[in-house]
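# Coordinate analysis (summary)
Letter by letter, the chains look like this.
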Amino acid sequence: MRKLFTVDHTTVGKGPVHFNWNKGGNHLAVCGANRMLCIFDRQGRPVDQKTLPNPGACEALEWDSTGDTLAVLQAGAVQIVLWHSAGKKIEVIDTGLKGLSFMKWNKNGPHLAVGTAKGNLLLYNKKTLKKVTSMGKHTKKITCGAWSSSGKLALGGEDKLITINTTEGDLIDQLPLRAEPQNLAFARIKSDTKGKGEGESGISVTLDYKTLLLADVNNLEDRPTELAFLPEYGNITSYKWFGDGYILVGFGGGRVIVVSTHSKEILQEISHFQPHQESLSDVTYCPALQKGASIGDSSLQIFNMNDINSVKLREENYHELDNEYNSLKRLEWTEDGQILTVSSEKGNIHSFLTKIPVLHDVYESKVLLLTSLRELVVRDVVKNQDIAHISVEIEPTFLSLGPDRCAVGMNNCVWYYALVPRNSNDRKGTRTASIISQRSYVNSVQYVRLSADYAAVMSEGKVTLHMINQQESGNAYGSDAAHLDGMPEERRQQRVFPEKDGDSKITSVAMTPKFLVYGTSNGSIVYFSLEDWCVISEYRNTIGIRSVHPNALGTRLAFIDETNEANIYSPVDDTMCKVQGFSMDTDKIIWDPHEWGVFVGCGVKKFTTYVYAPNTRWGPRCVPVYHQSKANPTSEEIYVTDRPMGFAPILVHGGGVMCQTVQHGTLLVVSLAARNFTSSHPSRIGHEQKEQAFFNLLNMNKLEAAWEFAKQINDREIWYALGDKALHLLDVNMAMRVYRMVNQPAMVMALDPLRHVNEKAMLLGHVAMLFKNFNEAQNHFMRSSDPKLALSMRRDLMDWNAALELSKQLSPSSIPYISREYASQLEFKGELQHALDMYNKGFITEAEEVSEKRRREISAHNEQCNAGLARITIRMGDITRGFQIAMQMESQSIATECAQLFEELKQWTEAAQLYEKAQDYDKAAYLYICQSKSLKAAATLMPYITSSKIQRLYGQAKEREGSYREAKDAFAVAEDWDSVVRLLVSHLNDISSAYDVVRRTKSAEAAALVAQHCKKDGNPETAIEFLLLAKKTEEAFDLASSSNHMHTYAAKLGNDGAPEDYINLAKYYQETGQFLHSGDYFLKSKKYGQALQRYLDAANTLEEQFQGVKNEADVPKHEKQVDECINKAIAVVGEAQSDKLNKVLITYLTADDSNDTPKDPKYLFSLYMALGKYERGSGMAIVIARREQQVGHYRIAHRLLFQTYKQLDKHGIAISSELRWNLMLLHSYLLAKPLMKTLNDHALASRMLIRVAKNIQKFPQHVVPILTSCVTECNKSGFDKSAYQYAKELVTGHRKEIAEKHKKRMDTIVRKPGFYSKQHEGAKRLTEAELTDPVDEVGPCPFCATPLPMSMLDCPRCKNNVPFCIATGQHMLMDEWTQCPSCKFPALYDPFCQLIRDGEPCPMCEDTIDLGDVRKLTNPDPKLWQKSGQDSGQPAEESKPEGAEA
């Protein structure tokens, strides 16, 4: 809403002012205090001014029903002044009555009613100029009145009476009132009774401005309805009827309410609201806009009445009027609702533009809009900027826009404008509008369509086509005249369509850059070329055309016919397709300029998106966008978008329909539901939105965009939907991409050849096949260049009747082959006679001159036909003929088939012979043996029989015949050993062979048979063996017990017995005093407590037996037996893991409960290791090793420590430094010999002996020999200082124990230091201080790389115990690291390989090592060895050591 114009008090004078709009809203009459009658047009421009002839003030202005004559009522006058628009003249009508008080024109007639202060009535007929006076109509002043649409006149006066009168002044009826009436009006009162209340059947009037009375005009005798309102509302200032019996009532307190005349609602307020705070002067209602308006205080408020139950006041519909506080008087709308006028008591008239006519046109992205009654704008909706503003001299009724032209017009006149760029530097593309031409046409113009040079004017069923810049006289004005210079003369000529007079009329016309397109009432669609200036295409539809809507280039045309059905016409190939699901209320189609083939159907209440595809499985197709989803992918619910009321669609842009609003004329976009989320990035929306976007894109045929969403969703159903759509649209490449994503190689391979099919019919056929629409596929193939594809398809489908019919037309030579295949199917279905006929038709007669390959093909084909004949003749009962045919054929498979048929018919001999022919010897032999009882025939086949079952059957048959030897051989082939043994024992009396068979096959039944035979023959040991094989353990035990062959029973039982068997054995040995054996079998039966007790009993028994042994030679044997018993007891406790048993054994070993001597500590060590108490075991191992070491058993001590080491390592238990040190010291001692003998490294041997000599107290049994060896080796190796030191220790502390052969040398070394020195040869005597040892080699510490002497095993810097080499005793080097493949202890690579190469075992574990298994380690971790003896690294990628076997 905006102010249009104002007529202030300077024009009409200060004081009350009257105004009134004529019908049509073209003229506004205004008269104020200065008695100047002013007539204005819609723009507020003066049309006429007249001074009223009478001196009285103007009291009323009334226009007649035609809007041509204005009546003016002046105070105190006896005349009525008439102003006529025709000629702008004043006419004075003398009424002959005084005190005129009321005046009203008939709504639909020429009658003017005039009332007086005395209650008289004058009726004036403008046409006949007749006056009719009715005296005494009322007894007092007539104050109000109204005409009905049917010509009845209702009058109200101060006499509290309402009269109903005719146009002649006759009284019809009257209604007395309780108070003086005001604001009398006719109305249509809402009624419950059908038919009643139609038309203006009621009257309404306010009484004392307090209540509203409603009465039925047709029956005033009925009691009227009087509506009273709350006192706080104030007085009723005005009211207006609207809608279907509703009343808008305004109150002086600023409140407005809506009431209904329906009987069920009459006592209720439908809604109420307060547009003004203090006062309200007037309310009105506009049916055209369905809006109400009120004035009060100093403001104007407009409100929407679409929803009367909830009327909302909006700020944009509120207008404050300056300097008009409490002076606003009346407001009135023009009939079309475009202008709302307000008057004030100060003499001002304010007119507001409340509705702009919805006029627009569009070209590409530019829109021409009517923004005011005479103002236009050209707007680029893509750039969102105004290009040009145009002011015109008229109020146009239609607009048109072209590339750089526009047209406006009304009636039969059209003005053409050029849109000229402002200047060359204007980058915004703004333009100025300059008029090109003005043309008048014979008839009223409905609309105009423009191209770059031409205008097509639609008028009265004809179209006039002419140059835009060409005047009616043929001359153009303006600079555009030069545009005609290069144009052919015929294209300058005006043309009128249709060019031939007839019954048809043009109903719709459209213009594209190159074509004029129009449709006619008889169904013709005509394309006229603007370049060739001739008709290039004409299509005749069977139904008349209502409207045509081409796309931007005119290559496709959507048209709506007179039945409101839509079709798409292609002028390129003259094809047409129906728009499916087209809404019947659609009156406009708008193509999407950015999405080819997409358009929107604009209905009264909804927008529907349609998609046209020129190439689909079904040909050209146009369908609506369906509301589909993953849950319902085949839904046919059409996606519609609600069209808001008052929205006029213009163009499709940005995924929506751009509309012009009726209320404000602004442009708004209504987003299409079919485009939801389609422009969103797949990664920025939720899963449900992605699915919706995917299906929307799919239905719009936007496969590439749908692909992106499908990748994000990644659901098989989504992929399959996309694949099907791609095939429907014949997009083979997209379909292959989709089926690759869902791992469907079969579909990809089927589609791959279709990429190279360029013939549409052939492609359609293949796609139809994929969708199993075979009839459709056949039709397409038959239209293609290779119709034999249809025959191939029918053959593949095994649709033989159709294939035979097609082959008669397409390939007669294929009839025999099809007949044979058809016969095979009929045979399978059981239609034997029909199949027999088809097989007979399938035979091919060989021609004389055919190739060898063809001859083989024919022969194979005929053989299959013969096979079919053989099968069918057999099934039909002709056995002899069928057998002959089958035997004559060479095919083994056919022989097998026929044999099966004979077998079903129980013709055993024929079946067996055919199986034999087919080389199915098992089946043939079976039938010979079991059915035909022909063992002789079967005997010839037995060498070929591989089936055990058949061999067994043959053996049984031979046994029944008495041929036991042959039966035994047959059973042996069948591996039926029970039968073989039975025959050997019972019939052939070959018992030794029976033993061999049973022992080899372990057959229980055969073993029982042999056992019984042995018992009868008095051979209990053999009987026991076979009873156990027969699983008869109790019987075997009883026999062993009774025959005293229990050891045989135990030996044969082995580890295969049950616990009960072992318990029986254990008890037997216990009873017989054989405790060791008893313990063994208690252990096998898991009776750990009894097993332990028996082992201890055995040990005690042995000790008692050997207490008096005096022969020392028997002692080791005794100790070995006891050792075995105790070790087995330890094994029992270890396996049982029972604290109770553990306690019993420890008590036994430590002799806590007796005065016996405790057992050897080695048993406790073994016990701890068996129980998994490795830490205690390791301590015990150290104690035992120390004891062994003290007695000189160094190898035993070494082995014990090594085994303990490995056990701790195996179970992940930390190894104590004491155990590690003791093992290293013992190992250093044991290394001296291989270093001297094998490696011949006396220096290194000396260092190992020096290491031992430093700890000589650990070797008390061999102090002198060790020190002697150390001195000797040191002397040889030049270790003069160490040789002197340990020789001195020998001479001074152990001289008597030195061997005689070494005494002299030791004395010399001590007395004459350096005498044997190789470092000081020739020197007579050296002092002790001058003696030295060779400097040790230096190598980096494996932990911190600090240089260390090679024989030092403790790093002074990092404080780590350095790993030692098991081959040299030196510390390890990172680049020479290897390990024993067996025990995993580290070694230096070269010395270790030398030891192995010389045939020595591993010095640590004493295992023989394969040199090829030795590898250097890359990046060894010395910390791993420090924790345990596990692998220290990975083998290096290098060749095997020299000397290793390949």
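Residues numbered from 1 in each chain as written. Predicted model: local features only at pLDDT ≥ 70, side-chain atom pairs only at ≥ 80, totals over all residues. Heavy atoms only, no water.

## Things to note about the packing of aromatic side chains
As enumerated under the stated definition, the model contains 25 aromatic pairs in all. Judged by centre distance (4.8 Å) and plane angle (65°), the rings of F273 and F303 are edge-to-face. Linking F273 in strand 25 (residues 269–273) with F303 in strand 28 (residues 299–304), this pair joins segments that are 30 residues apart in sequence. Of the two residues, F273 and F303, both sit in the buried class. Each ring, one from Y1194 and one from Y1229, has its centre 5.0 Å from the other, and the planes form 65°; the classification is edge-to-face. With Y1194 in helix 34 (residues 1194–1210) and Y1229 in helix 35 (residues 1217–1237), this pair connects stretches of sequence that are 35 residues apart. Following the ring pairs from residue to residue traces out a cluster consisting of Y454, F497, Y518, F528 and W533. Its guanidinium or amino end placed over the ring of W707, R737 lies 4.2 Å from that ring's centre, counting from NZ or CZ. (Phe/Tyr/Trp six-rings, centres within 6.5 Å; stacked < 30°, edge-to-face > 60°. Helix = DSSP H or I, 4+ residues; strand = E, 2+ residues; numbered from the N terminus. Buried < 20%, exposed > 50% of the residue type's maximum accessible area, 1.4 Å probe, protein only. Lys NZ or Arg CZ within 6 Å of the ring centre and 35° of its normal.)

## Notes on helix 26 (residues 1046–1053)
Regarding helix 26, the residues found buried are M1046, T1048, Y1049, A1050 and L1053. For helix 26, the secondary structure elements touched by its buried residues are helix 24 (1020–1029), helix 25 (1033–1043), helix 27 (1059–1071) and helix 28 (1075–1084). Just past helix 26, the residue G1054 takes up positive phi, approximately 55°. (Contact = heavy atoms within 4.5 Å.)

## Focus: unusual backbone geometry
Residue F497 is joined to P498 through a cis peptide bond whose omega torsion reads -5°. Mapped onto the fold, P498 is located in the loop between strand 44 (495–497) and strand 45 (506–511). One non-glycine residue, D297, lies in positive phi territory at about 55°. As for its placement among the helices and strands, D297 is situated in the loop between strand 27 (291–296) and strand 28. Of the residues examined, D297 reaches a relative accessible area of 12% and is grouped as buried. Of note, N1240 is a non-glycine position whose phi angle comes to about 55°, a positive value. In this fold, N1240 is placed in the loop between helix 35 and helix 36 (1242–1253).

## Description of the layout of surface pockets
Size it by volume and the second largest pocket reaches roughly 1,400 Å³. Lining the second largest pocket are 48 residues, and of these D361, V362, R449, K588 and I589 sit closest to its centre. Secondary-structure elements contributing two or more residues to the lining of the second largest pocket are strand 33 (360–363), strand 37 (398–401), strand 41 (447–450), strand 45, strand 49 (545–550), strand 53 (588–591) and strand 58 (647–653). (1 Å grid on protein atoms, 1.4 Å probe; cavity = no way out; pocket = protein on both sides within 12 Å on 5 of 7 lines; lining within 4 Å. Points joined across faces, edges and corners; volume = space filled by probe spheres on them.)

## Some details on the nonpolar core
Formed by 79 residues in total, the largest nonpolar core has its most connected members in I1366, F1385 and M1404. Element by element, the count of residues in this core is highest for helix 35, at nine residues. Sequence-distant contacts of F1385, defined by excluding residues within four places in its chain, comprise F1202, Y1205, K1206, L1223, I1366, T1378, Q1379, C1380, M1404 and W1425. Of all hydrophobic cores here, the second largest spans 62 residues; its members include A967, V998, F1026 and A1030. (Core = buried A, V, L, I, M, F, W, Y, C linked by side-chain atoms within 4.5 Å.)

## Here's the deal with the environment of L935
Residue placement: L935 occurs in helix 18 (residues 935–939). With 279 residues separating them along the chain, L935 and G656 place their C-alpha atoms 93 Å apart. Each residue touching L935, except ones within four places of it in the same chain, is listed here: I929, Y954, A957 and E961.

## Concerning the sheet that holds strand 47 (residues 524–529)
The antiparallel open sheet is built from four strands, whose spatial order is 45-46-47-48. Since the sheet does not close on itself, it has two edges, and those belong to strand 45 and strand 48 (534–540), each with one partner. Ignoring which end each strand starts from, the neighbouring axes of this sheet average 15° apart. By the bridge criterion, six bridges tie strand 47 to strand 48 in an arrangement that is antiparallel. Each residue of the ladder has a partner; that of F528, found in strand 48, is V535. (Pairing = 2+ DSSP bridges. Axes fitted to C-alpha atoms, helices over the stretch in contact; angles between N-to-C directions.)

## Digging into the packing of helix 17 (residues 921–931) against helix 19 (residues 948–961)
Here helix 17 crosses helix 19 at 25°, and the two axes come no closer than 10 Å. As the angle between them shows, helix 17 and helix 19 are arranged roughly parallel. The interaxial crossing formed by helix 17 with helix 19 has left-handed handedness. Side by side, helix 17 and helix 19 meet where D922, A925, Y926, I929 and C930 of the first sit next to I950, L953, Y954 and A957 of the second. Tallied by class, residues from the contact of helix 17 with helix 19 come to eight nonpolar, no polar and one charged. (Parallel < 35°, antiparallel > 145°, perpendicular 65-115°, else oblique. Left-handed = near helix turned anticlockwise from the far one by under 90°. Nonpolar A, V, L, I, M, F, W, Y, C, P; charged D, E, K, R; others polar.)

## Observations concerning the confidence of the model for the chain
Per-residue confidence for the chain averages 85 on the pLDDT scale, and 93% of its residues sit at or above 70. Across residues 1429–1446 the pLDDT falls below 50, and counting only partners more than four positions away or on other chains, this stretch makes 53 contacts in the model. (pLDDT = per-residue confidence, 0-100.)

## Thoughts on the pattern of salt bridges
Scanning the entire structure with this criterion turns up 39 salt bridges. The salt bridge partner of E776 is R617, with a shortest N-O separation of 3.3 Å. With E776 in helix 8 (residues 774–783) and R617 in the loop between strand 55 (606–613) and strand 56 (621–624), the pair connects residues that are 159 residues apart, well separated along the chain. We note a salt bridge from E805 to K808, for which the minimum N-O separation is 3.5 Å. A residue pair is termed a helical-turn pair when its members lie 3 or 4 positions apart in one helix, as E805 and K808 do in helix 10 (residues 800–810) at three residues. Judged by relative accessible area, K808 falls into the exposed class, the value being 54%. Ionic contacts of the salt-bridge type, sharing partners, join the residues R42, D336 and E395 into one network. (Salt bridge = Lys/Arg side-chain N within 4 Å of Asp/Glu carboxyl O.)

## Digging into the sheet that holds strand 13 (residues 131–134)
Pairing in this open sheet of four strands is antiparallel, and the strands run 10-11-12-13 from one edge to the other. Two strands close off the open sheet at either side, each with one partner strand: strand 10 (100–105) and strand 13. Taken pair by pair, the neighbouring strands of this sheet meet at an average axis angle of 15°, ignoring direction. Pairing of strand 11 (residues 111–116) with strand 12 (residues 121–125) involves five bridges; the strand directions are antiparallel. Paired with H111 across the bridge in strand 12 is N125.

## What to know about the state of the cysteines
Under the defined criterion, the tally for this structure stands at zero disulfides. Here C1365 stays free of any disulfide, with the sulfur of C1402 as its closest cysteine sulfur at 9.9 Å. As a non-bridged cysteine, C1383 has C1380 as the owner of its nearest cysteine sulfur, 3.6 Å distant. A relative accessible area of 2% places C1383 in the buried class. (Disulfide = S-S within 2.5 Å.)

## A look at the packing of helix 38 (residues 1280–1293) against helix 39 (residues 1300–1311)
Two elements in contact, helix 38 and helix 39, have axes whose closest approach is 9 Å; the angle formed by their N-to-C orientations is 120°. Compared by their axis directions, helix 38 and helix 39 come out oblique. Crossing of helix 38 over helix 39 shows left-handed handedness. On helix 39, the residues that touch A1283, Y1284, A1287, K1288, L1290 and V1291 of helix 38 are M1306, D1307, I1309 and V1310. Among the residues making up the contact of helix 38 with helix 39, the classes are represented as eight nonpolar, no polar and two charged.

## Quick word on the environment of G1134
Within the secondary structure, G1134 is located in helix 30 (residues 1115–1136). Residues G1134 and L651, spaced 483 residues apart in sequence, show a C-alpha to C-alpha distance of 95 Å. The contact partners of G1134, leaving out residues within four places of it in the chain, are A1170 and L1171.

## Description of helix 17
Among all positions in helix 17, only A924, A925, L927, Y928 and I929 are buried. As for helix 17, its buried residues are in contact with helix 15 (892–904), helix 16 (908–917), helix 18 and helix 19. Directly beyond the C-terminal end of helix 17, a positive phi value near 55° is found at K933.

## Quick word on the environment of S979
Tracing the backbone through its elements, the reader meets S979 in helix 21 (residues 977–986). The class for S979 is buried, based on a relative accessible area of 10%. Along the primary structure S979 and A967 are separated by twelve residues, whereas in three dimensions their C-alpha atoms are 9.0 Å apart.

## What about the side chain of K291?
One can find K291 in strand 27. Excluding residues within four positions of it along the chain, K291 makes contact with T284, Y285, C286, I302, F303, N304, M305, W333 and Q663.

## Points about the pairing of strand 31 (residues 339–344)
With six of six residues buried, strand 31 lies mostly within the body of the structure. Of the two faces of strand 31, both are covered, the one formed by I339, T341 and S343 as well as the one formed by L340, V342 and S344. Two successive antiparallel strands, strand 30 (residues 328–333) and strand 31, enclose a turn made up of five residues, where G337 displays a positive phi of approximately 80°. Here strand 31 runs beside strand 32 (residues 349–353); their pairing, made up of five bridges, is antiparallel. Bridge pairing links S343 to I349 in strand 32. Hairpin geometry of strand 31 and strand 32 is characterised by an intervening segment of four residues between the two adjacent antiparallel strands and by a positive phi of about 95° at G347.

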